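# Residue-level structure breakdown
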Amino acid sequence: MSEQARRRPPKPYRKPKKDPVRMLAFEALRAVDERDAYANLVLPPLLRKAREAGDFDGRDAALATELVYGTLRRQGTYDAIVAACVDRPLREVDPPVLDVLALGAHQLLGTRIPTHAAVSASVELARVVLGDGRAKFVNAVLRKISQHDLDAWVERVAPPYDEDPEDHLAVVHSHPRWVVSALWDSLGGGRAGIEDLLEADNERPEVTLVARPGRSTTEELAAATETLPGRWSPYALRMAEGGEPGAIEAVKEGRAGVQDEGSQLVALALANAPLEGPDARWLDGCAGPGGKAALLAALAAERGAALLASEKQPHRARLVERALAGNPGPYQVIAADGTRPPWRPGSFDRVLVDVPCSGLGALRRRPEARWRRRSEDLDGFAPLQRGLLTEALRAVRVGGVVGYATCSPHLAETRVVVDDVLKRTGGAELIDARPLLPGVPALGEGPDVQLWPHLHGTDAMYLALLRRTA
């Protein structure tokens, strides 16, 4: 070192600058990781707080949302890439460091943010939340990642399809291997179909509105905000990107709501299934948080029928009460366990049980769920699903109809449950549900129905309709 260099005074320490967008995204990811929170519940209040503080405008909110959801959707792929750039197993890297690296990887590989900006912003975030020492580690890893684009990295870290197709698809499309296997078993077919499904799981879902019949109309909603018509439900409208459903008067008043079109189709199919005899008493046996119950209550009111909405968890029952408030027809909301029901057998003409499940059909909306679920979780759901369907069949009168629904396409939660209950209980038969979803293509061989994100633009809802015969 020269004498001049030795005499040169050290550079003054520069404090890191807080970037509110990336700080918020990091805070949301930490909540998901530390508290098992869901991003769709954590993010809105964080965004609202930032807007109220004057830290955010619309573009900032859009970027923060993309950083959170994009990182969660591609977490498996980014983890594989980060693992190739560090000299120790990922389990030995602190989770907050991994979150900063994943955010940086998404900016580098999944957005149009320039490379230098993505690296420098991520390192600055690391300085704020991790300290200068670990920020150097983040800088080194992200500079390695920046040397290749996403396609090149995937080619490096994913095993060849011919050697291990499920593991290849798991890395390329950022799903756990067991989920890839389960979805493929349910979907059937070759490589193209499962790739289309996994890609659809990684796309941002549209916000779909429902105009509850007799309370609102699609024309009213279309006049209030920029929309496209629903694909299949006569009560559905798809909102333009960036629209705020909570700002629509009919949504504020509960006359309309946010509801996936697949969920609407399940309720409509049950409501329109042919009956033998009276049609006066309907039951939603797993009503929380209230979307299907609100649509069923509105449909029942048009026919002079009454809906009983039952939900085991009291806090979810309160959500159902809120969703049904103002319904013009008779209804009642109770907190009750559908496997130990307070109602008498044969009390209802129509019964819906949208049972608790793994949620593999809604991975577009809750991308973190794919990393949180384990295959063994299905063993815990199985007795509950069978118990709810068994009691639903007892609750309906002879000639009445039961709808069994799940937001999962996993065969262990759909056809296997229905077949087991039918064999064990008897006195019921499957109805062909496909004609009750008019105009909807690719519904398979029936009699049950499985919807798919890549084929129908909906969550992967499953529906079986059963008629009580004895």
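In this report, we go over the structure that sits alongside the text. Just so we're clear, the structure is a prediction, and the values are computed from it rather than from any experiment.

Glancing now at the overall build of the chain. Within the chain one finds 21 helices and 12 strands. On C-alpha atoms alone, the chain measures out to a radius of gyration of 25 Å, which is about the 23 Å that the 2.2 N^0.38 rule sets for 470 residues. For the C-alpha atoms alone, the extent of the chain along its principal axes is close to 100 × 50 × 40 Å. With 470 residues in all, the chain has 51% of them scored as buried.

Once that is clear, we can look at the packing of aromatic side chains. By the definition in use, this model includes 2 aromatic pairs. Between Trp343 and Phe348 the ring centres are 5.9 Å apart and the planes differ by 85°, which places this aromatic pair in the edge-to-face class. Across the pair, Phe348 and Trp343 agree in class, each one buried. Each ring, one from Tyr404 and one from Tyr462, has its centre 6.4 Å from the other, and the planes form 75°; the classification is edge-to-face.

Turning our eyes to something else, we now look at the state of the cysteines. Such a bond, covalent and formed between the sulfur atoms of two cysteines, is termed a disulfide. Under the criterion given, the structure shown has 0 disulfides. In this model Cys407 remains outside any disulfide bridge; the closest cysteine sulfur is found in Cys357, 5.8 Å from its own. Residue classification places Cys407 among the buried positions, given a relative accessible area of 16%.

On to the sheet that holds strand S1 (residues 208–211). Two strands in a sheet stick together by hydrogen bonds in their backbones, pointing the same way (parallel) or opposite ways (antiparallel). Read across the open sheet, the 4 strands follow the order S2-S3-S1-S4; overall the sheet is antiparallel. What marks the edges here is a single partner per strand, and that holds for strand S2 (227–229) and strand S4 (256–258). The average angle at which neighbouring strand axes cross in this sheet is 30°, direction not considered. Sheet strands touched by helix H15 (residues 261–272): S1 and strand S3 (236–239). Its angle to S1, the strand with the most contacts, is close to 30°.

Counting residues in hydrophobic clusters, the biggest one holds 48 residues, and the most contacted among them are Leu24, Phe56, Val68, Val138 and Ile145. Listing elements by their share of this core, those giving two or more residues are helix H2 (20–35), helix H3 (39–52), helix H4 (58–73), helix H5 (75–83), helix H6 (95–109), helix H7 (115–129) and helix H8 (132–145). At 8 residues, H2 tops the list of elements feeding residues into this core. When near neighbours in sequence (up to four residues on either side) are disregarded, Val68 contacts Ala25, Ala28, Leu29, Ala39 and Leu43. Val210, Ala273, Leu299 and Ala305 belong to the second largest nonpolar core, which has 43 residues in total.

Quick look at the packing of helix H16 (residues 291–303) against helix H17 (residues 314–324) now. Relative orientation of the contacting elements H16 and H17 amounts to 40°, with a least axis distance of 9 Å. If you check the angle between H16 and H17, you find them oblique. Every pair of crossing elements has a handedness; the one defined by H16 and H17 is right-handed. Along the contact surface, H16 presents Ala293, Ala294 and Ala297, while H17 presents Val320, Ala323 and Leu324.

Applying the stated criterion across every chain, the model contains 34 salt bridges. We note a salt bridge from Arg134 to Asp94, for which the minimum N-O separation is 2.7 Å. Here Asp94 lies in the loop between H5 and H6 and Arg134 lies in helix H8, a separation of 40 residues in the sequence. Residue classification places Arg134 among the partly exposed positions, given a relative accessible area of 34%. Beyond isolated ion pairs, a larger network of salt bridges with shared partners links Arg30, Asp33, Glu34 and Asp99.

Okay, the packing of H3 against H4 next. Between H3 and H4, the shortest axis-to-axis distance is 11 Å and the interhelical angle comes to 160°. For the element pair H3 / H4, the angle class is roughly antiparallel. Relative to H4, the crossing made by H3 is right-handed. Touching Ala39, Asn40, Leu43, Leu47 and Arg51 of H3 are Ala61, Ala64, Thr65, Val68, Tyr69 and Leu72, all from H4. A breakdown of the residues in the contact of H3 with H4 according to their chemical character gives 8 nonpolar, 2 polar and 1 charged.

Conventions adopted
The numbers attached to residues start from 1 for each chain and follow its sequence in the written order. Where totals are concerned, whole chains, interfaces and linings use all residues; where local detail is concerned, this predicted model gives features only for residues with pLDDT of at least 70, and gives and counts side-chain atom pairs only at 80 or more. Computation of side-chain values: all heavy atoms of the structure, hydrogens and water removed. Secondary structure counts use DSSP, requiring at least four H or I residues in a row for a helix and at least two E residues in a row for a strand, with both numbered from the N terminus. Each radius of gyration reported is based on C-alpha atoms, and the globular scaling rule is 2.2 Å times the count of residues to the power 0.38. Burial classes: relative accessible area under 20% of the type maximum marks a residue as buried, over 50% as exposed, and values in between as partly exposed (1.4 Å probe, protein chains only). Here a pair means two rings of Phe, Tyr or Trp (six-membered ring of Trp) with centres within 6.5 Å. Their orientation is stacked below 30 degrees between planes, edge-to-face above 60, and tilted elsewhere. Any two cysteine sulfur atoms within 2.5 Å of one another count as a disulfide. Whether two strands pair comes down to DSSP finding at least two bridges between them. Simply put, an axis is a line fit to the C-alpha atoms, just over the touching stretch for a helix, and the angle between two N-to-C directions goes from 0 to 180 degrees. Residue contacts follow a heavy-atom distance rule, with two residues in contact if any of their heavy atoms lie within 4.5 Å. Only buried residues count toward a nonpolar core. Its members are Ala, Val, Leu, Ile, Met, Phe, Trp, Tyr and Cys residues joined through side-chain atoms within 4.5 Å. In what follows, roughly perpendicular refers to angles from 65 to 115 degrees, roughly parallel to angles under 35, roughly antiparallel to angles over 145, and oblique to any angle outside these ranges. A crossing counts as left-handed when the near helix is turned anticlockwise from the far one by less than a right angle, and as right-handed when that turn is clockwise. Salt bridges, as used here, are contacts in which a Lys or Arg side-chain nitrogen is within 4 Å of a carboxyl oxygen on Asp or Glu. In this classification, Asp, Glu, Lys and Arg are treated as charged, Ala, Val, Leu, Ile, Met, Phe, Trp, Tyr, Cys and Pro as nonpolar, and every other residue, Gly included, as polar.

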